Protein chains: 2
Amino acid sequence: MSVSPSTGSKMESKQQYILDKSFELVLRKGFSGLGLQEILKHADIPKGSFYHYFPSKEAFFCVLLQDYMKNYQERLVNIWSSDANGKTKILDYFRRWISDENLPNGWAESCLIIKLAAEVTDLSESMRLILQEGVISIIKEITQLIEQGIEDNSIVTQGDSEAVAQTIYQIWVGAALMSKISKDKRPLHQALETTENLLNHSIKGHLS
Amino acid sequence: MSVSPSTGSKMESKQQYILDKSFELVLRKGFSGLGLQEILKHADIPKGSFYHYFPSKEAFFCVLLQDYMKNYQERLVNIWSSDANGKTKILDYFRRWISDENLPNGWAESCLIIKLAAEVTDLSESMRLILQEGVISIIKEITQLIEQGIEDNSIVTQGDSEAVAQTIYQIWVGAALMSKISKDKRPLHQALETTENLLNHSIKGHLS
């Protein structure tokens, strides 16, 4: 007996199709700049069908962001599941912000956190909370890798691992925004150099 | 004989009035999220009058950004015209990102570069270029202050002053975005600490 997909999984698969088809549009146009009509046209679905899967454009963006964060976590698990030391894993992750064979423009260019944060945090508390949860989780994982790196002697920092992780993540977010403004990847390469220096030593002053 | 303002200056003053009235709206809603009708209503002007001063919404945003950058430069001149040493001037500037008596929420919260960059750089080459020019100019001024600080012995860095200035600016841009996501100022306070450490010493590793 063949097993046909349940209504639930059919619904999920159609929902996922709309999310996947819209990703590039969102990445280019953001939240307010992307009209519902454009989403419908691009995914080739009628309005009624969209509202069957998502109660509103904001709800659609919330699911899209949650899906993005889930996918991001899976990518992290993949690159961090190697036997490499803590420092190598962190640098491997951030090098992919610049370029990645599976993501030709690199993670920075394809990052919904960077694309949407400034726009949507003032417009939607639901979207802000999803972004906040995603960022907390990324920083937590970097913190754990720093701790791993201190243990395996690949990383030397002074001070709190979480603070170093937050600083590194901030540098990359800033670099990604600078890279969008200048349309070149030099800010990202510089962030990589700064990150290497931060992991070789602390940024604490020589007096501390 | 009383001298009435020329047509040119009347035009400029009305244009400035529309820009000033719209600033808070832009800061909250961004580019695509802010409709022309809302600008007209808020500034209490008819559509024809708006188009008399600005050929399009994009042109209006370009003038708004240019005006913002001009005003930003004036603010920099004010805080950097003191006799303080280079390090004090840089820290004074960044402390204002957190809070400033003239700008209750601080410069980070009121920054159009941070609010608009991710949204508009993909939508408008004209706006991107104004942002790029503004950022280059801010980083150039930070570079000069670092050089002043090295000369007056208030700053110790290893390596290129411009690279340090770029890194510091990136950290603050990233921190400002993190601060929007988390709705608290801790990322900015951490950026201040990182900046102080960067100016006390280099972030170069102990092996370099």
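Residues numbered from 1 in each chain as written. Chains lettered and ligands numbered in written order. Predicted model: local features only at pLDDT ≥ 70, side-chain atom pairs only at ≥ 80, totals over all residues. Heavy atoms only, no water.

Student: Lay out the overall build of chain A in plain terms, naming residues and giving numbers.
Tutor: The helix and strand inventory of chain A stands at ten helices and zero strands. The order of α-helices and β-strands along chain A, N terminus first, is α-α-α-α-α-α-α-α-α-α. For chain A, the spread of C-alpha atoms along the principal axes amounts to about 65 × 50 × 30 Å. In chain A, once contacts between residues fewer than 6 apart in sequence are set aside, the share between residues at least 24 apart is 67%. (Helix = DSSP H or I, 4+ residues; strand = E, 2+ residues; numbered from the N terminus. Contact = heavy atoms within 4.5 Å.)

Student: Lay out the environment of asparagine 85 of chain B with the relevant residues and their values.
Tutor: Residue and element names in this part refer to chain B. Position of asparagine 85 relative to the elements: it lies in the loop between helix 4 (57-80) and helix 5 (86-98). Given the relative accessible area of 30%, asparagine 85 is considered partly exposed. Distance from asparagine 85 to serine 154, taken between C-alpha atoms, is 6.5 Å for residues 69 residues apart in sequence. Once residues within four sequence positions are removed from consideration, asparagine 85 is found in contact with Gln148, Asp152 and Ser154. Reaching out from asparagine 85, the side chain makes a polar contact with the backbone nitrogen of lysine 87 at a distance of 3.3 Å. (Buried < 20%, exposed > 50% of the residue type's maximum accessible area, 1.4 Å probe, protein only. Polar contact = N/O pair within 3.5 Å; in protein donor to acceptor, adjacent residues only side chain to side chain.)

Student: Before we move on, could you go through the relation of the copies chain A and chain B and cite the residues and values that matter?
Tutor: In this structure, two copies of a chain are linked by a rotation about an axis accompanied by a shift along it. The transformation that overlays chain A on chain B combines an axial shift of 0.0 Å with a rotation of 180°, and the residual RMSD is 0.0 Å. These values place the two chain copies in the arrangement generated by a two-fold rotation axis. Across chain A, the rotation axis passes nearest the C-alpha of glycine 174 of chain A, at a separation of 1.9 Å. Here 100% of the contact residues of chain A are again contact residues in chain B; the copies associate through an equivalent surface. (Least-squares fit on C-alpha atoms with pLDDT ≥ 70 in both.)

Student: Describe helix 5 of chain B, and please don't skip the residues or the numbers.
Tutor: Residues and elements named next belong to chain B. For helix 5, with 13 residues, the first-to-last C-alpha span of 19 Å sits near the 18 Å given by 1.5 Å per residue. Along helix 5, ten of the 13 residues are buried, which leaves the element largely enclosed by surrounding structure. Every buried residue belonging to helix 5 is among Gly86, Lys87, Lys89, Ile90, Leu91, Tyr93, Phe94, Arg96, Trp97 and Ile98, and all of these are buried. Close packing links the buried residues of helix 5 with helix 4, helix 6 (106-109), helix 7 (112-120), helix 8 (125-151), helix 9 (161-182) and helix 10 (186-200). The opening residue of helix 5 is asparagine 85, an N-cap whose side-chain oxygen sits 3.3 Å from the backbone nitrogen of lysine 87. (Expected span 1.5 Å × (residues − 1).)

Student: Give me the lowdown on the pattern of salt bridges, citing residues and values where you can.
Tutor: Scanning the model with the defined rule gives 18 salt bridges over all chains in all. For aspartate 122 of chain B, the salt bridge identified is with lysine 115 of chain A, shortest N-O distance 2.8 Å. Remark: lysine 115 of chain A occurs in helix 7 (residues 112-120) and aspartate 122 of chain B occurs in the loop between helix 7 and helix 8; the pair is interchain, linking two chains. Residue classification places aspartate 122 of chain B among the partly exposed residues on the basis of a relative accessible area of 32%. (Salt bridge = Lys/Arg side-chain N within 4 Å of Asp/Glu carboxyl O.)

Student: Which residues make up the packing of helix 8 (residues 125-151) of chain A against helix 9 of chain B, and what values go with them?
Tutor: Contact pair helix 8 of chain A / helix 9 of chain B: the axes reach a minimum separation of 8 Å and the direction vectors enclose 120°. Accordingly, the angle class assigned to the pair helix 8 of chain A and helix 9 of chain B is oblique. Of helix 9 of chain B, the residues touching helix 8 of chain A (which contributes Arg128, Leu131, Gln132 and Val135 of chain A) are Met178, Lys180, Ile181 and Ser182 of chain B. (Axes fitted to C-alpha atoms, helices over the stretch in contact; angles between N-to-C directions. Parallel < 35°, antiparallel > 145°, perpendicular 65-115°, else oblique.)

Student: Talk me through the confidence of the model for chain A; I want residue IDs and the actual numbers.
Tutor: Residues and elements named next belong to chain A. When pLDDT is averaged along chain A, the result is 91, and 93% of the positions lie at 70 or above. Predicted confidence is poor over residues 1-5, with pLDDT under 50, and the contacts of this stretch with residues over four places away or in other chains come to one contact. Counting contacts from residues 204-208, a segment whose pLDDT is below 50, to residues more than four positions away or on other chains yields eleven contacts. The ipTM, which scores confidence in the relative placement of chains, is 0.91 for this predicted complex, and the corresponding pTM is 0.91. (pLDDT = per-residue confidence, 0-100.)

Student: Mind laying out the interface of chain A and chain B, listing which residues take part and the relevant values?
Tutor: Chain A puts 48 residues into the contact, and the matching count from chain B is 48 residues. At the boundary of chain A with chain B, total buried surface from both sides reaches about 4,200 Å², with 61% on carbon and sulfur atoms. One can count six salt bridges joining chain A with chain B. For the interface between chain A and chain B, the tally reads 15 residue pairs in polar contact (both at pLDDT 80 or more). Looking at the side of chain A that touches chain B, the elements with two or more residues in it are helix 1 (7-29), helix 7, helix 8, helix 9 (161-182) and helix 10 (186-200) of chain A. Each residue belonging to the side of chain A that touches chain B can be placed in one class, and the counts come to 21 nonpolar, 16 polar and eleven charged. (Buried area = accessible area lost by both parts, 1.4 Å probe. Nonpolar A, V, L, I, M, F, W, Y, C, P; charged D, E, K, R; others polar.)

Student: Which residues make up the nonpolar core, and what values do they have?
Tutor: With 138 residues, the main nonpolar core has Tyr93, Trp97 and Tyr169 of chain A together with Tyr93, Trp97 and Tyr169 of chain B as its most contacted residues. If sequence neighbours within four positions are ignored, tyrosine 93 of chain B has contacts with Tyr72, Leu76, Ile79, Trp80, Trp107, Ile138, Ile142 and Tyr169 of chain B. (Core = buried A, V, L, I, M, F, W, Y, C linked by side-chain atoms within 4.5 Å.)

Student: An account of the packing of aromatic side chains is requested, with residue identities and associated values reported.
Tutor: For the structure on display, the rule yields 36 aromatic pairs over all chains. Where tryptophan 80 of chain A meets tyrosine 93 of chain A, the ring centres are 5.2 Å apart and the plane angle is 75°; that geometry is what we call edge-to-face. Here the residue tryptophan 80 of chain A occupies a position in helix 4 (residues 57-80), and tyrosine 93 of chain A occupies one in helix 5 (residues 86-98), the gap between them amounting to 13 residues. Feature note: the residues Phe23, Tyr68, Tyr72, Trp80, Tyr93, Phe94, Trp97, Trp107, Tyr169 and Trp172 of chain A constitute an aromatic cluster, connected by ring pairs. Above the face of the tryptophan 107 of chain B ring, arginine 75 of chain B is positioned so that its terminal group lies 4.2 Å from the ring centre. (Phe/Tyr/Trp six-rings, centres within 6.5 Å; stacked < 30°, edge-to-face > 60°. Lys NZ or Arg CZ within 6 Å of the ring centre and 35° of its normal.)

Student: Before we move on, could you go through the side chain of glutamate 119 of chain A and cite the residues and values that matter?
Tutor: Turning to its location among the elements, glutamate 119 of chain A is positioned in helix 7. Put simply, glutamate 119 of chain A is tucked away with no salt bridge, and the nearest opposite charge, on lysine 115 of chain A, sits 6.5 Å away. Looking at glutamate 119 of chain A, its side chain comes within polar contact range of the main-chain nitrogen of phenylalanine 31 of chain A, at 3.0 Å. Within the local environment of glutamate 119 of chain A, its side chain forms a polar contact with the backbone nitrogen of serine 32 of chain A, the two atoms lying 2.7 Å apart. Not counting residues up to four positions away in its chain, the partners in contact with glutamate 119 of chain A are Gly30, Phe31, Ser32 and Gly33 of chain A together with Lys115 and Glu119 of chain B. (Lys, Arg positive; Asp, Glu negative; His and termini not counted.)

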